[in-house]
Amino acid sequence: MKSGKQSQPEKGSSRILSLTILFIAFCGFSFYLGGIFCSERHKIEVKDVTSTTTKAVAAPKEPTVSPIQVKSVSFPECGSEFQDYTPCTDPKRWKKYGTHRLSFLERHCPAVYEKSECLIPPPDGYKPPIRWPKSREQCWYRNVPYDWINKQKSNQHWLKKEGDKFHFPGGGTMFPRGVSHYVDLMQDLIPEMKDGTVRTAIDTGCGVASWGGDLLDRGILSLSLAPRDNHEAQVQFALERGIPAILGIISTQRLPFPSNAFDMAHCSRCLIPWTEFGGIYLLEIHRIVRPGGFWILSGPPVNYNRRWRGWNTTMEDQKSDYNKLQSLLTSMCFKKYAQKDDIAVWQKLSDKSCYDKIAKNMEAYPPKCDDSIEPDSAWYTPLRPCVVAPTPKVKNSGLGSIPKWPQRLNVAPERIGDVHGGSASGLKHDDGKWKNRVKHYKKILPALGTDKIRNVMDMNTVYGGFAAALIEDPVWVMNVVSSYSANSLPVVFDRGLIGTYHDW
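Residues numbered from 1 in each chain as written. Predicted model: local features only at pLDDT ≥ 70, side-chain atom pairs only at ≥ 80, totals over all residues. Heavy atoms only, no water.

Within an unreviewed UniProt entry, the label attached to the chain reads Methyltransferase, and the organism entered is Capsella rubella. Looking at the chain in UniProt, the text filed under Sequence similarities (unreviewed entry) is "Belongs to the methyltransferase superfamily." (UniProt positions renumbered as here; feature names shortened; annotations may be inferred.)

Below, the structure written as structure tokens:
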């Protein structure tokens, strides 16, 4: 019995051991077969993919992604009556707006349903413009076929029609001996115009922009400003000549420039009523001229004791206007800088104490602007009857503090810190990027950098890097900063370049 009981477990153990060995062997064999199968399958898949790819490259039948379908759009040509059309300053729409302070001459863009979707034709007989610098002295008559200004200003030698061209002798209302002689006198009064201190200027009521044209040879970049009138836009003569210009008028809205932008502002009998409406036009000049900058006036009421007879007025009236002008300028922290004959110069003070006095005097007129008024807001921003004081934290943007031209082009201005993310390293990187881009542009557009292209609009500038990369070429760039993007236009002006706000 004992031996029988002991023999049964031994048989069971042997059987279990055999089954275990068999199971392990089966698993090992299965793993071996699986490895071979998977390896071969992988080889087949790779082979198939390679074969498919090779076929696709060698003989493509159908693209896997459909190409982008761009539907062409064509616009009709506008009628010949549109050759001088400027949508936002259209004389045909002036009756819709008031005459107060000539506000109808400001920008009034048409509603969507009024917009014309057609291509503006060039004037009949239009030719490619005469190349710079010859264009400064002459242009094709058919490119700007306006006889009105030629007839009205013929005795002042603004321009003269000869054959198929307009010639620009360089004359003006207040400089009958020519614009060069006029600017020479001005430089004698303002030595800073000779050594690179003064770089940017604005000419209000520019006429045909002879003053700005003469300054280009003296290293000063002037932006000529004049409104669209019923006859023609005078700035078209400036642009045809190759001189920087923009349509505009000081009326009820701020000019589209930041505060403390220009080194110098100029008015040569531009017929702006400086002493009317509480001197609000002078306040706008004060806003856009940088501390230490200059305002130049020639014409009434300057030199009234000698000139009053030719102004259809009396000496007493002109003397009164001059005293009122001087009083207003003093109240705005301008000081008389120099005067000789028909040219008078005032300088905007940098001294903080002058603006502090205005703030403390509750009865002062004009008052100092409060902190809620943004000094650089200038796109459809109403003129304010107050003095915009220089920002205390910006101490190095005055004319005596920023580097002279051309060094200032490559120095990061202090106001770059006001731009979100702005820095000196960012400006350097932007300049380097644009130098490389301009090299590429010139390869695909060889005319860029030659006298074939005189002006360019940078429609979305940041720091003016594109303009800086072209600074040695015979071209000027209008730098445009969007009214709803980061405000980098003060940096552009601090570098010695010009620009404007726009909203497209």
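Picking up after the structure, the text goes on.
Omega for the bond connecting Pro300 with Pro301 falls within 30 degrees of zero, at 0°, which places this linkage in the cis form. Of note, Pro301 is situated in the loop between strand E8 (289-298) and helix H7 (304-307). Between Tyr365 and Pro366 the backbone carries a cis peptide bond, its omega angle lying at -5°. Structurally, the position occupied by Pro366 is in the loop between helix H9 (352-360) and helix H10 (424-444). Here Arg269, not a glycine, exhibits a phi torsion of approximately 40°, which is positive. Within the secondary structure, Arg269 is located in the loop between strand E7 (262-268) and helix H6 (280-288). Backbone geometry places Tyr380, a non-glycine residue, at a positive phi of 55°. Here Tyr380 shows up in the loop between H9 and H10. Residue classification places Tyr380 among the partly exposed residues on the basis of a relative accessible area of 40%. (Helix = DSSP H or I, 4+ residues; strand = E, 2+ residues; numbered from the N terminus. Buried < 20%, exposed > 50% of the residue type's maximum accessible area, 1.4 Å probe, protein only.)

This part is about the sheet that holds strand E3 (residues 165-167). An order of E1-E3-E2 is seen for the three strands of this open sheet, with the pairing classed as antiparallel. In the strand order of this sheet, the two ends are held by strand E1 (138-140) and strand E2 (160-162), each with one partner. Put simply, the sheet's adjacent strands are angled 30° from each other on average, direction ignored. (Pairing = 2+ DSSP bridges. Axes fitted to C-alpha atoms, helices over the stretch in contact; angles between N-to-C directions.)

With 17 residues, helix H8 (residues 315-331) should reach 24 Å at 1.5 Å per residue; the first-to-last C-alpha distance of 24 Å fits that figure. Burial in H8 covers these residues: Gln318, Tyr322, Leu325, Leu328 and Leu329. For H8, the angular spread of buried residues about the axis comes to 130°, placing them on one side. Buried-residue contacts for H8 involve H6, E8, H7, strand E9 (334-340) and strand E10 (343-348). (Expected span 1.5 Å × (residues − 1). Arc of directions from axis to C-beta. Contact = heavy atoms within 4.5 Å.)

This paragraph deals with the sheet that holds strand E6 (residues 245-247). With mixed pairing, the seven strands of this open sheet are ordered in space as E6-E5-E4-E7-E8-E10-E9. The open sheet has two edge strands with one neighbour each: E6 and E9. The average angle at which neighbouring strand axes cross in this sheet is 20°, direction not considered. Bridge count for strand E4 (residues 200-204) against E7 is three bridges, and the pairing is parallel. What sits directly across from Asp203, in E7, is His266.

A word on the nonpolar core. The biggest cluster of nonpolar side chains holds 69 residues, and the ones touching the most others in it are Phe257, Trp274, Trp295 and Trp346. Take this core: its biggest share by element is six residues, from H6. Residue-level mapping places this core at the junction of two domains, with at least three residues from each of domain 2 (134-401) and domain 3 (406-503). (Core = buried A, V, L, I, M, F, W, Y, C linked by side-chain atoms within 4.5 Å. Domains from an automatic or database assignment.)

As enumerated under the stated definition, the model contains 19 aromatic pairs in all. Taken together, a centroid distance of 4.9 Å and an interplanar angle of 65° make the contact between Phe262 and Phe493 edge-to-face. Separated by 231 residues along the polypeptide, Phe262 in strand E7 and Phe493 in helix H12 (residues 489-494) bring together distant segments of the chain. Among the aromatic side chains, those forming a connected cluster through ring pairs are Tyr141, Tyr146, Phe166, Phe168 and Phe237. Sitting over the ring of Phe82, Lys92 keeps its end group 5.8 Å from the ring centre. Across from the ring centre of Trp405, 3.6 Å away, lies the NZ or CZ of Arg199, which sits over that ring. (Phe/Tyr/Trp six-rings, centres within 6.5 Å; stacked < 30°, edge-to-face > 60°. Lys NZ or Arg CZ within 6 Å of the ring centre and 35° of its normal.)

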